[in-house]
Every structure is written in C-alpha cells, then in structure tokens.
Amino acid sequence: MDKEQHAQHPGQAGPLAGRIALVAGATRGAGRALAVELGRAGATVYVTGRTTRAGVSEVGRSTETIEETAELVTAAGGVGVAVPTDHLQEDQVRGLVERIDREQGRLDILVNDLWGGEHLLVDSVFGKKSWETPLADGLRILELGVRSHVITAALALPLLIRSEGPLHIEVTDGTAEFNRRYRENLYYDLAKNAPIRIAFGLSQELAEYGGTAVAVTPGFLRSEQMLAHFGVREENWRDAVAQEPAFALAESPHYLARAVAALAADPDRAGRWAGRSTSSAELAQVYGVRDVDGSRPDFWRYYEEVVVGGKDYAAEDYR
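Quick look at the structure, then.

Calculation criteria
Residues numbered from 1 in each chain as written. Predicted model: local features only at pLDDT ≥ 70, side-chain atom pairs only at ≥ 80, totals over all residues. Heavy atoms only, no water. Salt bridge = Lys/Arg side-chain N within 4 Å of Asp/Glu carboxyl O. Helix = DSSP H or I, 4+ residues; strand = E, 2+ residues; numbered from the N terminus. Buried < 20%, exposed > 50% of the residue type's maximum accessible area, 1.4 Å probe, protein only. Pairing = 2+ DSSP bridges. Right-handed = clockwise from strand over helix to strand, strands pointing away. Phe/Tyr/Trp six-rings, centres within 6.5 Å; stacked < 30°, edge-to-face > 60°. Axes fitted to C-alpha atoms, helices over the stretch in contact; angles between N-to-C directions.

## Overview of the pattern of salt bridges
Okay, so step 1: Enumeration according to the criterion identifies 23 salt bridges in this entry.
Okay, so step 2: Here Glu64 makes a salt bridge to Arg28, at a shortest N to O gap of 2.6 Å. Of this pair, Glu64 sits in the loop between β2 (44-49) and α2 (66-75) while Arg28 sits in the loop between β1 (20-24) and α1 (29-40), placing them 36 residues apart in sequence. Residues Glu64 and Arg28 agree in their burial class; the two are buried.
Okay, so step 3: For the salt bridge of Glu37 with Arg40, the shortest nitrogen-to-oxygen distance reads 3.0 Å. Residue Glu37 and its partner Arg40 are both found in helix α1; the two are separated by three residues, about one turn of the helix.
Okay, so step 4: Overall, the relative accessible area of 6% leaves Glu37 in the buried class.
Okay, so step 5: With relative accessibility at 45%, the residue Arg40 sits in the partly exposed group.
Okay, so step 6: If you follow the salt bridges from partner to partner, you end up with Arg50, Glu58, Arg140 and Glu143 in one network.

Below, the structure is given as structure tokens:
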C-alpha cells in the first residue's frame with residue numbers, strides 16, 4: 001500500500017484523527033483492544049504480531065490474527081494496517097519502521113504491548129524458585145517481555161520523535177506500587193517491572209521533544225486466553241467466578257484501551273503522566289471512562305484491601 005491509501009479518510013473524525021499509531025503486539029487481548037480504540041478515536045493504526053492467517057506463533061492460538069485486528073480497527077472508524085512482525089527480529093522491526101516512515105513520514109503514538117509468554121507460566125514458573133525454573137523458559141520470558149520492548153523502542157523512537165507530541169505507552173502487569181511485592185518468580189518479576197522502568201527512562205529522554213512515556217496496566221484482564229483458561233466466553237464470563245472469586249473484578253480489554261485513547265487525546269498528558277505507572281482504573285477515574293458493561297472496576301484496590309488486607313467487602317463494591 002502507498003501513502004495515499006493510509007491518508008485520513010474524508011469522513012474520518014475523532015480526537016485522534018490524522019494521528020499515526022503503532023500497536024506492537026496487537027493480535028489479541030489488550031493489544032487488539034488498544035488498536036481498535038485508537039482507531040475508534042480516528043487514528044491510523046499499524047498493528048503487528050506473529051499470528052497471521054498464514055501462520056501461528058508459539059502462543060498456539062489461530063483464532064485471532066493481526067489481519068482481523070486491522071479489520072476491526074477500520075470497522076471502528078480508523079484505518080487499520082496489519083504488518084506481520086516478530087519484534088525479536090531486528091530486521092523485521094527495521095522494515096516495519098521504514099514502512100511507516102515511507103507511508104506516513106512520522107509516528108505519533110507507540111504502544112509496546114509485546115508479550116506472548118502465558119504458555120510458559122503455568123507449570124514451569126509460578127511456585128518455583130528461579131533455580132528450579134527451566135533456564136530456557138526463564139530466558140524466553142525475558143526475551144518476550146523485555147528484549148522485544150527494548151528492540152522496538154530503540155528502532156521506532158527516531159521516527160516517533162518527529163511527532164509534535166510523541167507518546168510512548170508501555171503495557172505491563174501491575175503498577176510500580178503493586179510490583180514492590182515479589183511477583184512469585186524472578187523471571188516474571190523482571191519481565192513485568194522492566195516496562196515500568198523503560199517508561200520512566202524514556203520519559204526523561206522524550207521530554208526535550210515535547211513527548212512522554214507512560215507505563216499502563218490492566219487489572220484482571222478478560223482476554224481471549226483467560227476466558228479460554230476458565231472455559232467461558234465473554235457472554236458468560238461471570239460463570240468463572242466460581243473457580244476464581246477475584247474474577248468478579250475482571251475487566252474487558254476495552255477498559256484499558258478506552259482509557260489509553262483518552263490519555264492519547266489529552267493535551268496535558270505529559271504534565272499528568274510523564275514517567276508514571278498507572279492502571280486502567282486510575283485512568284478511567286481521571287477521564288470518566290467505563291468498561292463495556294458500564295462499570296468501572298478497580299482490581300488493584302480490591303486486591304490490596306480484600307485479598308491482602310482481609311477486608312470483608314464484596315467484589316461489586318469495587319465495580
């Protein structure tokens with residue numbers, strides 16, 4: 001496709017109309033929803049991942065593809081562009097950035113939502129000491145959760161800083177405050193704390209360009225993989241609460257995505273969020289965002305006060 005095909009649609013509107021975004025890791029879950037909601041706000045969104053209609057990544061799910069994500073972005077009112085990319089392969093990431101440069105001339109929003117390591121967590125990580133964890137699995141977690149983020153940032157930031165207000169979003173699991181506690185396994189702990197430090201460091205580097213970097217986290221995410229894990233669908237997700245009571249606070253991927261889209265449209269985002277770690281619930285409170293069911297779940301507060309603190313409050317008190 002040439003640059004003309006990615007120009008703003010004549011009827012395209014919204015607070016992010018004319019903005020160019022890249023969501024790295026947009027095959028499913030939060031990444032897919034982030035791409036869709038940025039598109040709904042009017043952005044042209046490049047979506048990347050390893051699972052396409054022609055092949056499946058190590059995650060092993062063929063039911064979600066980046067092509068489908070791009071179509072959902074366009075259906076929501078934006079322009080979706082699918083680019084198959086393994087973000088651990090520098091040549092592929094360079095090619096992706098060169099394509100965006102060639103077609104758009106700049107990048108305004110970079111969302112680093114790369115992960116894909118859930119299949120490594122079930123048996124070999126949680127509940128085991130670091131030295132009991134298969135080394136290959138631990139190193140793969142660091143590749144998927146840290147190295148991919150660093151490669152993408154290093155290669156995309158020279159294009160991002162051409163924007164008048166560059167925005168870099170790092171997606172992780174847990175806020176900086178919550179992650180002061182050990183995340184049960186050394187490799188996972190490193191993988192989920194690294195994006196927080198990446199956002200903190202990059203906020204310093206982007207400041208002179210009028211930009212900022214922020215780390216964001218969902219709460220208990222109702223991703224496609226999590227629903228499958230509990231054997232439920234979005235339509236009957238509450239049936240899983242019998243297996244896991246905390247799932248009563250589960251949030252759809254669009255909750256975080258709507259909040260991030262609002263942050264991206266905020267002219268004072270640097271003053272509010274530069275270098276910070278924040279959650280879907282905090283962003284939702286600030287921007288008046290609600291989840292798809294109209295609720296405003298706050299999983300992290302529930303976890304601190306009920307799961308850890310022992311307060312006798314109902315989960316619904318936190319929605």
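What follows picks up the thread again.
## Things to note about the pairing of β1
Okay, so step 1: Of all five residues that make up β1, five are buried, and the element is covered over most of its length.
Okay, so step 2: Judged by which residues are buried, β1 turns out to be covered on both faces: Ile20, Leu22 and Ala24 on one side and Ala21 and Val23 on the other are all buried.
Okay, so step 3: Pairing between β1 and β2: five bridges, direction parallel. Following the sheet pairing, Ile20 is matched in β2 by Thr44.
Okay, so step 4: With α1 bridging β1 and its parallel neighbour β2, the resulting β-α-β unit is right-handed.
Okay, so step 5: One ladder, built from four bridges, connects β1 with strand β4 (residues 109-112); its direction is parallel.

## Observations concerning the packing of aromatic side chains
Okay, so step 1: One pass over the full model with this rule turns up 13 aromatic pairs.
Okay, so step 2: Measuring from centroid to centroid gives 6.0 Å for Phe299 and Tyr303, while their planes differ by 50 degrees, and the two rings are tilted. Linking Phe299 with Tyr303, this pair stays in helix α10 (residues 299-308), spanning four residues, or about one helical turn.
Okay, so step 3: Note on Phe299: relative accessible area 9%, which makes it buried.
Okay, so step 4: Overall, Tyr303 belongs to the partly exposed group, its relative accessible area being 25%.
Okay, so step 5: Ring centres of Tyr302 and Tyr318 lie 5.4 Å apart, and the angle between their planes is 75 degrees; this geometry places the pair in the edge-to-face category. One end of the pair, Tyr302, is in helix α10; the other, Tyr318, is in the segment after α10, and 16 residues separate them in sequence.

## Quick notes on unusual backbone geometry
Okay, so step 1: Phi at Glu184 is positive, roughly 75 degrees, even though this residue is not glycine.
Okay, so step 2: In this structure, Glu184 sits in the loop between β5 (167-171) and α5 (186-206).

## As for the sheet that holds β5
Think of a sheet as strands paired side by side through backbone hydrogen bonds, with each pair either parallel or antiparallel.
Okay, so step 1: Spatial strand order, β3-β2-β1-β4-β5-β6-β7: seven strands in an open sheet with parallel pairing. Each end of this open sheet is capped by a strand with a single partner; those strands are β3 (79-84) and β7 (277-279). Across the sheet, the mean angle from the axis of one strand to that of its neighbour is 20 degrees, orientation sign disregarded.

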